[in-house]
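Residues per chain are reported as follows:
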Amino acid sequence: MKVRDVMSKDVQVARPGDSLQEVATRMAGGDFGFMPVADGDRLIGTITDRDIAVRAVAGGAACTSPVVEYITRDAQTAYADDDLKTVLDAMGSKQIRRLPVLDKNERLVGVVSLGDLSTRVKEKYAGEALEDISRP
């Protein structure tokens, strides 16, 4: 099975000029804490609710500040054609819960989460990955 078979395709995406408040409001409204940040269909980074709280707000940023100032650049990604077990292993070893998914042309096409993967791979593999991700 491939990542494209389990990834979320209807993904909220932040744009570089979106304000911290706009992105946080969308996160709160959708009950999620992670968004890819893209310029068109090209991924430029990711932003989490923790990034907003710890990097931006704790550092004194105005709620009108552009989100691009607080993103994680060079985010880890998966490809739509990647094997689920391979991606799950990578997520565990790098302690990552969610990954933007790219197509072969490097365009953003979705997001895959540990939850998405855990429903489709053997329970043993999902448990091992969660244990790795959760270690201090």
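All values derive from a computational prediction rather than experimental measurement.

Draft legend 1. Structural context of the packing of helix H1 (residues 20-30) against helix H2 (residues 49-57). The interhelical angle for the contact between H1 and H2, taken along N-to-C directions, is 145°, at an axis separation of 10 Å. Here H1 and H2 pass one another in a crossing that is left-handed. For the pair formed by H1 and H2, the contact residues are Leu20, Val23, Ala24 and Met27 on the first element and Asp49, Ile52 and Ala56 on the second. Among the residues making up the contact of H1 with H2, the classes are represented as six nonpolar, no polar and one charged.

Draft legend 2. Quick look at the pairing of strand S4 (residues 98-102). Burial runs high along S4: four of the five residues are buried. In this antiparallel pair of consecutive strands, S4 and strand S5 (residues 108-113), the connection spans five residues, and Glu106 shows a positive phi of 70°.

Draft legend 3. Looking closely at the nonpolar core. Core analysis: the largest hydrophobic core is formed by 15 residues, its most contacted members being Val3, Val87, Met91, Leu99, Val101, Val112 and Leu117. Of all elements in the fold, only helix H3 (84-94), S4 and helix H4 (114-118) reach the threshold of two or more residues within this core. The greatest single-element share of this core, amounting to four residues, is contributed by H3. In this structure Val101 touches Val3, Met7, Ala78, Tyr79, Ala80, Arg107, Leu108, Val109, Gly110, Val111 and Val112, once residues within four positions along its chain are discounted.

Draft legend 4. Just the sheet that holds S5, in detail. Strands sit in the order S3-S4-S5 across an open sheet of three strands; the sheet is mixed. The open sheet has two free edges, formed respectively by strand S3 (78-79) and S5, since each of these has just one partner strand. Of the pairings in the sheet, the one linking S4 to S5 comprises five bridges and is antiparallel in character. Paired with Pro100 across the bridge in S5 is Val111.

Draft legend 5. Quick peek at unusual backbone geometry. One non-glycine residue, Asp31, lies in positive phi territory at about 55°. If you trace the backbone, Asp31 turns up in the loop between H1 and strand S1 (34-39). At Glu106, a residue that is not glycine, the phi angle is positive and equals roughly 70°. Tracing the sequence through the fold places Glu106 in the loop between S4 and S5. On the basis of relative accessibility, which here comes to 39%, the residue Glu106 falls in the partly exposed class.

Draft legend 6. A look at the confidence of the model for the protein chain. Of all residues in the protein chain, 86% attain a pLDDT of 70 or more, and the chain-wide mean is 87. Of all secondary-structure elements in the protein chain, the lowest mean pLDDT belongs to helix H5 (residues 123-134), at 51, while H1 reaches the highest, 97.

Draft legend 7. Main features of the pairing of strand S2 (residues 42-48). In this sheet, S2 lies alongside S1 in antiparallel orientation, the contact comprising six bridges. Considered in S2, the bridge of Met35 is made with Ile47. Two successive antiparallel strands, S1 and S2, enclose a turn made up of two residues, where Gly40 displays a positive phi of approximately 70°.

Criteria and thresholds
- Residues numbered from 1 in each chain as written.
- Predicted model: local features only at pLDDT ≥ 70, side-chain atom pairs only at ≥ 80, totals over all residues.
- Heavy atoms only, no water.
- Axes fitted to C-alpha atoms, helices over the stretch in contact; angles between N-to-C directions.
- Helix = DSSP H or I, 4+ residues; strand = E, 2+ residues; numbered from the N terminus.
- Left-handed = near helix turned anticlockwise from the far one by under 90°.
- Contact = heavy atoms within 4.5 Å.
- Nonpolar A, V, L, I, M, F, W, Y, C, P; charged D, E, K, R; others polar.
- Buried < 20%, exposed > 50% of the residue type's maximum accessible area, 1.4 Å probe, protein only.
- Pairing = 2+ DSSP bridges.
- Core = buried A, V, L, I, M, F, W, Y, C linked by side-chain atoms within 4.5 Å.
- pLDDT = per-residue confidence, 0-100.

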